[in-house]
Amino acid sequence: MDFNDTSEEAAYRKEVRAWLKANAPRTKGARDGGLEDPVSMDDSRAWQRKKAEAGYACITWPKAWGGGGGAAWQSVIFGQEEAAFQTPANPFAIGLGMCVPTVMTVGNEADKQRFVRPAVLGEEIWCQLFSEPSGGSDAAAARTRAVKDGDDWVINGQKVWTSGAHFSDFGLLLARTDPDVPKHKGLTMFWIDMKASGVEVRPIHQMSGASNFNEVYFTDLRVKDSQRVGAVGEGWRVALVTLMNERLSVGGGGGGSNYRRLLALAGDIQTLTGLGVKDAALREKIAEWYVQAEGLKYTTFRTMTALSRGQTPGPESSIGKVVSATLMQDMANTALELEDQFGIISDPANAPLAGGFQTALMNAPGLRIAGGTDEILRNIIAERVLGLPQDVRLDKDVAFKDIPTGR
Amino acid sequence: MDFNDTSEEAAYRKEVRAWLKANAPRTKGARDGGLEDPVSMDDSRAWQRKKAEAGYACITWPKAWGGGGGAAWQSVIFGQEEAAFQTPANPFAIGLGMCVPTVMTVGNEADKQRFVRPAVLGEEIWCQLFSEPSGGSDAAAARTRAVKDGDDWVINGQKVWTSGAHFSDFGLLLARTDPDVPKHKGLTMFWIDMKASGVEVRPIHQMSGASNFNEVYFTDLRVKDSQRVGAVGEGWRVALVTLMNERLSVGGGGGGSNYRRLLALAGDIQTLTGLGVKDAALREKIAEWYVQAEGLKYTTFRTMTALSRGQTPGPESSIGKVVSATLMQDMANTALELEDQFGIISDPANAPLAGGFQTALMNAPGLRIAGGTDEILRNIIAERVLGLPQDVRLDKDVAFKDIPTGR
Amino acid sequence: MDFDFSDDQKFLKTEARKFLDARCGVAVVRGVLDDGAKAYDAELWKAVAGQGWLGVNIPEAHGGLGLGGVELCAIAEELGRALAPIPFASTVYFVAEALMLAGSQAQKAKWLPKIAAGEVIGCFATVERPGVLTEAQVQAKVEGGKLTGVKLPVTDGDIADLAVVLAKQAGRGSLYLVELAGPGVAREVLTTLDPTRSAARLVFTGATAEPLGDPGEGMSLAEAILDRAAVMLAFEQVGGADRALEMAKEYAMQRYAFGRPIGSYQAIKHKLADIYIKNELARSNAYYGAWALGAGGSQLPLAAAAARVAACEAFWFAAKENLQTHGGMGFTWDVDCHLYYRRAQQLGLVAGGAKAWKERLVSQLERRNAA
Amino acid sequence: MDFDFSDDQKFLKTEARKFLDARCGVAVVRGVLDDGAKAYDAELWKAVAGQGWLGVNIPEAHGGLGLGGVELCAIAEELGRALAPIPFASTVYFVAEALMLAGSQAQKAKWLPKIAAGEVIGCFATVERPGVLTEAQVQAKVEGGKLTGVKLPVTDGDIADLAVVLAKQAGRGSLYLVELAGPGVAREVLTTLDPTRSAARLVFTGATAEPLGDPGEGMSLAEAILDRAAVMLAFEQVGGADRALEMAKEYAMQRYAFGRPIGSYQAIKHKLADIYIKNELARSNAYYGAWALGAGGSQLPLAAAAARVAACEAFWFAAKENLQTHGGMGFTWDVDCHLYYRRAQQLGLVAGGAKAWKERLVSQLERRNAA
């Protein structure tokens, strides 16, 4: 049990910190700017290239592909140190975290040569085209059709919840090539050019007012058979490679809502019996949230320890989002109750702490859903971590077109 | 919206109160004595007979059967008034609430003539023999076999969770007469003599130390075909009549654990920041529990209003146990936390409030399970009240003997 | 024992639902949500006035229907269900009730008929800063009949004609009537979590203020008004929570995942059962509050607190779990879940948050136990 | 960064599990539960002493193994998992740690070797009445080296040889060592929720009391001892919670309802997922507590409070929901669920309840933020 770096870790951390101090564009843009901020795109690309050239982008990937040729623990340390600097928004996370690794694992040699290095350098951005309106939690229910036409495939259909589709160059698309076989067997994966005609991107207006996601429509989109990633009918297996990477990359993050801010708020507000910060009900909640938030933090340290020891992290990393999303919603609601009538004001100029808790309240529902709902994540913990049996499945041994959809 | 009695209600209440004042054996035994207390059995029988002779036992049943020939609202008012008196334990509730009404609805004329009146008078006591070790929440999974042998049936098997089996005269038994048809179709209902040879009753030792339930074993128990209640193979439909009555009679009841007692406890105990009763965390919990407990109380008033208006009560009455059981467990745990180290002491002579919260803590798990687990009750609310679809059922259209049991 | 709406009250409620189904569909609510310049739906407001609802609990002598508080609760439940984007609560639960509780004959005669006719919009201006309303918080003051100070947030303060204001005279909290069209009043619209209900900052610089009720009694009058409003708001919350449950149920029946309706999964079933349980507990507590409203006895403060605590919990839970049941669709702008999520916060805060009401509840409980 | 047990510590833990599987099956626990006269399992106690576990954190110079606090935590997790019915916590986490923290050289030399050898059972006698331990609560007093007063509940007080007692001298709380075999000590066994761990009322009437640590420092010493014990107890709780989850999982896999294992229903799946989540959060907080124990810095009070709050929540939740998962079998005497339900309360209260620790946690947080 030691929080201190090993000498090897300490040396790497020192090197990274020196490099960041010399190179990080610390005065530019806020890290919280979000993917959709077009102003920062050039900055983002420049920062990514700088990291790639120094071996700090894709630290664990082979140098031959533009990576750093390093270890997982180095990647974690770089992330910790980078977080201390103001760096531009990162529109590359989905491509480098999920899509390109899939191409590297499953794709053909030509695709690897073509795509990996430009992605590492930040020259090309990728998005992931799996979710569909009728699918929801069930990515394997994709209905977007790809029909063979000579040497090409013709694609029609719709994807949804696509982060970054509007600024992406390429997309990894899961399509149904055979509706007459069971659900998981009739899918095929393709890469597509997001700028091609036949691709239309429409932003989704969220309840918070932001548009972090898109709908993407395909109308007679024509792709070459060489754009196939993996064999025909093997799409689900390819998707599992991508999703496995997603689960490792989806983090927690409480946004503007954490116990320090709540303590600060409570130090300024009166309850019926005195100052908020002296209120036992609030104090007990803060204690409960503190042990959850710290528990998650220490759990990532356990994961990092496993990486440092060259082991595979245990299943404990799966609990992050399910804890942090509800924590964020409960804490925001409690903060507003403390503000009492005033809590309804969301204008940053008038609301306490610039309306951070009001923003958190409006963002929390999305966090409880995006990247796997609370319910799906508990299923995953129960089945994959604890080994409990699957629920009864009515969609396994029938042709996809015969699965009940209620329509 | 009126809490006051109508003039008719007021007149009936006055009459009941006067009768109770004149007749209730107010100095004998405590109402909380429990079914298993043999000392009070004679008192219980005497009190039941007295009520029956005055028309206050089974108030809604026809006078011809020994009942009171009255209305449902009269029954509610009598119950409210009786609760104010110290009356003996009531070992007749299961017989009069569930078993005998089933005989009255489904049984043949001879059985009705034979059984109803003695049960009303408290001369004969009934128990319900449905649950089995392998069945749990699934009463229709009964495996106890009844095999036709000439004019008789021979019964072998085991029941469990049978309240009052050790002092009952008769039992209503659900048995499997055909394992080759689907689960719900191979059952038949019988009444049995609990004193017959071939019936063995063994008390179940509960975690609380009490034994409110029994196991009942049948070894070559021989019953006449005339003891059949309903047709062969119709046992499940008969059981539904019984269970429908059960749902109406299972109440809430927080035992030694309620917000008044918690306030009293908190008035005597110091926390780290002052007197317990001034602690905001505790006060907020008390407020939350108060609205739950009062909400349940007012909900029974809504039910009573429907009865008074001659209507069928709405589904709101189904929420009682699922709320009160968890409330009891949470409140007991909170009380013990407030007592701090001292909370572990359960001896009534040393523990605050005679160890009421410690007793509640040990009884609460049973309350969350007996008469339908929290989970089954939520299923029932979702399916029968809200009309949501049933879960996928693997046990519906196969022969009972082929249903997977994991053995 | 007659613990339900009467047949007449049920008829009123059914008619109200029909009326609002026709006149206050979600398009009307979204009309206010999407138009930053629109503080409320003026057409619906007129129509509601035409129904006589504004005067349901105002005596006939003052132009109302003189029906009673329970009838007002029946209508409130339907308004809450429909998310009606109108200044009903401010005008009726707060200002009309304040006038009836503390107004002089002249004040009642002047204002109640106008309120009943829909000619006057009211607002209740008490708080000035984050935290619960306490007398110590009040900085606004009246000297020589002139009011100076700042109030925010004031629900419907941007559109109101008449404000009931809590201010201090000679250091003691008192209530005042202030006509907002007069001089010395500036208003600024506030951005809030629920744009379907407007709110403002009111700045008074020597506005004419007329005392409402006895001077120095402002705080206890404000609490009495809040008790009454809490019961009526509880019915709005129960109405909203019921509709959120219906939405969740409808979606869970028609949305399929893995080959079957999501409503057949226990995670959704038990979530909806929990919403149902909370809604029924809230309804029962609200009924008791409605009875206490009419009975006019000492039970009201405790009954009102219980009604509010249960209703805040029920609507918030129903709103957030209805949204969760809708999955990805739930947090889009185009699906209506967020309208209920927003309104749950608005109703949960407008008469003070549940936290403060829990403290009020237990204080009342202690008072009752001591008595 | 090395935030896990080391390979050596893991080996120790594995060996401890094997040992307890062999020597502390549930029959041993039930042997103490069912025999009212049996306060602990003496044979297991001897065997545990033989393993050297009592001296894991006692320096070699005093007859211990001198390994460290983290090693003790590793063993604690296994003892908690096995529900070991022995006075380990009282003797090791409380009394041995108290001696190491505040004892004179002579006191350490006299008692630590005996504790390490299993020759002396200890107990920690502080509270006298319901409610948290505060200096004001303490009525017991020492005059002229003689102790008078009553302490209850004292875990293992009926079987202990040596007590660390909090009492007042000249009005200031101080710690004392009292040999319980001496004159002026009466003991009475208490009935508690967890009969597998004994507790007593100790009545002192002029018992000989030897100061432990500086006079007047009793309360702060007691808190320092509680901080250390809280971390070790947290590991016992995590061990118990893990075993409760395993039991629930095993039962859910083999128990069928409606033709399939109950573990395939979401109600059970999500319940078990929630247990898992709480257990992992508790484990991570306990690890941090173990590190703070070794690091010996100012982090310990906050780390200990976090470890205790998370562990109390995890074990209580796991114990009650494991029982619930077992349905009707769960609340019978013969099925083991109630053993964990009882122990969850015992461990949750023995060093003070979670409620008080939450207050301690936030106080520490404020102190850290202010620094």
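### Things to note about the overall build of chain C
In terms of regular secondary structure, chain C is built from eleven helices and ten strands. The globule rule puts the C-alpha radius of gyration for 371 residues at 21 Å, and the 20 Å found for chain C is close to it. For chain C, the spread of C-alpha atoms along the three principal axes comes to 75 × 50 × 40 Å. With the model as given, the accessible surface of chain C reaches about 11500 Å², and the carbon-plus-sulfur share is 51%. Distance between charge centres in chain C, computed from 39 positive and 42 negative side chains, equals 4 Å.

### Thoughts on unusual backbone geometry
A cis amide bond links Leu-152 of chain C to the next residue, Pro-153 of chain C, at an omega of -5°. Looking at the secondary structure, you find Pro-153 of chain C in strand S3 (residues 146-155). Backbone geometry at Cys-58 of chain A places phi at a positive 50°, although glycine is not the residue there. Assignment of secondary structure puts Cys-58 of chain A in the loop between helix H2 (41-54) and helix H3 (72-82).

### So, the nonpolar core
Judged by nonpolar contacts, the single largest core of 429 residues is most densely connected at Phe-88, Tyr-93 and Leu-361 of chain C together with Phe-88, Tyr-93 and Leu-361 of chain D. Dropping the residues within four chain positions of it, Phe-88 of chain C is found in contact with Trp-45, Val-48, Trp-53, Leu-54, Leu-72, Ile-75, Leu-79 and Tyr-93 of chain C.

### A closer look at the domain arrangement of chain C
How big an interface is tends to be reported as the loss of accessible area on association of its parts. All names here are of chain C. Considered domain by domain, chain C is made up of domain 1 (7-116), domain 2 (122-216) and domain 3 (219-370). With 17 residues of domain 2 at the contact, the number on the domain 3 side is eleven residues. Carbon and sulfur atoms supply 72% of the area buried between domain 2 and domain 3, which totals about 1200 Å² over both sides. Summed over the shared surface of domain 2 and domain 3, the result is one salt bridge. In this structure, the salt-bridge partner of Arg-343 is Asp-194, at a minimum N-O distance of 2.9 Å.

### Side note on the interface of chain A and chain C
Contact residues are listed per partner, giving 59 residues for chain A and 53 residues for chain C. Surface buried jointly by chain A and chain C totals about 4900 Å² across both partners, of which 63% is contributed by carbon and sulfur atoms. For the interface between chain A and chain C, the tally reads four salt bridges. Note that Asp-279 of chain A is salt-bridged to Lys-355 of chain C, the shortest N-O span being 2.7 Å. Linking chain A with chain C are 22 residue pairs in polar contact (both at pLDDT 80 or more), by the criterion used here.

### Focus on the state of the cysteines
Residues and elements named next belong to chain C. Taken as a whole and judged by the stated rule, the model has zero disulfides over all chains. With no disulfide partner, Cys-73 has as its closest neighbouring cysteine sulfur the one in Cys-312, 15 Å distant. On the basis of relative accessible area, Cys-73 is assigned to the buried category, the value being 0%.

### Considerations on the domain arrangement of chain A
Residues and elements named next belong to chain A. Assigned domains within chain A: domain 1 (7-90), domain 2 (127-233) and domain 3 (252-372). Between domain 1 and domain 3, the contact holds seven residues from the first and four residues from the second. Between domain 1 and domain 3, roughly 420 Å² of surface is buried when both sides are summed, and carbon and sulfur atoms account for 73% of that area. Scanning the region where domain 1 abuts domain 3 turns up zero salt bridges. At the boundary of domain 1 with domain 3, the tally comes to zero residue pairs in polar contact (both at pLDDT 80 or more). Contributions of two or more residues to the side of domain 1 that touches domain 3 are made by helix H1 (7-23) and H3.

### A closer look at the environment of Ala-74 of chain C
Residues and elements named next belong to chain C. If you trace the backbone, Ala-74 turns up in helix H4 (residues 69-81). For Ala-74, a relative accessible area of 0% translates into the label buried. Separated by 63 residues in the primary sequence, Ala-74 and Phe-11 place their C-alpha atoms 9.7 Å from one another. Residues contacting Ala-74, with those up to four places away along its chain left out, are Phe-5, Gln-9 and Lys-13.

### Describing the interface of chain B and chain D
Across the contact, 59 residues belong to chain B and 54 residues belong to chain D. Roughly 4900 Å² of surface becomes buried between chain B and chain D when both sides are summed, with 63% attributable to carbon and sulfur atoms. Taken together, chain B and chain D are joined by four salt bridges. Summed over the shared surface of chain B and chain D, the number is 22 residue pairs in polar contact (both at pLDDT 80 or more). For the side of chain B that touches chain D, the elements supplying multiple residues, two or more each, are strand S8 (270-271), helix H8 (280-308), helix H9 (320-339), helix H10 (356-367) and helix H11 (374-385) of chain B. By residue number, the principal contributor to the side of chain B that touches chain D is H9 of chain B, which donates six residues. Broken down by class, the residue content of the side of chain B that touches chain D amounts to 25 nonpolar, 20 polar and 14 charged.

What counts, and where the lines are drawn
Residues numbered from 1 in each chain as written. Chains lettered and ligands numbered in written order. Predicted model: local features only at pLDDT ≥ 70, side-chain atom pairs only at ≥ 80, totals over all residues. Heavy atoms only, no water. Helix = DSSP H or I, 4+ residues; strand = E, 2+ residues; numbered from the N terminus. Rg over C-alpha atoms; globule rule 2.2 N^0.38 Å. Areas by Shrake-Rupley, 256 points an atom, 1.4 Å probe, with all protein chains shown as cover. Lys, Arg positive; Asp, Glu negative; His and termini not counted. Charge placed at Lys NZ, Arg CZ, Asp CG, Glu CD. Core = buried A, V, L, I, M, F, W, Y, C linked by side-chain atoms within 4.5 Å. Buried < 20%, exposed > 50% of the residue type's maximum accessible area, 1.4 Å probe, protein only. Contact = heavy atoms within 4.5 Å. Domains from an automatic or database assignment. Buried area = accessible area lost by both parts, 1.4 Å probe. Salt bridge = Lys/Arg side-chain N within 4 Å of Asp/Glu carboxyl O. Polar contact = N/O pair within 3.5 Å; in protein donor to acceptor, adjacent residues only side chain to side chain. Disulfide = S-S within 2.5 Å. Nonpolar A, V, L, I, M, F, W, Y, C, P; charged D, E, K, R; others polar.

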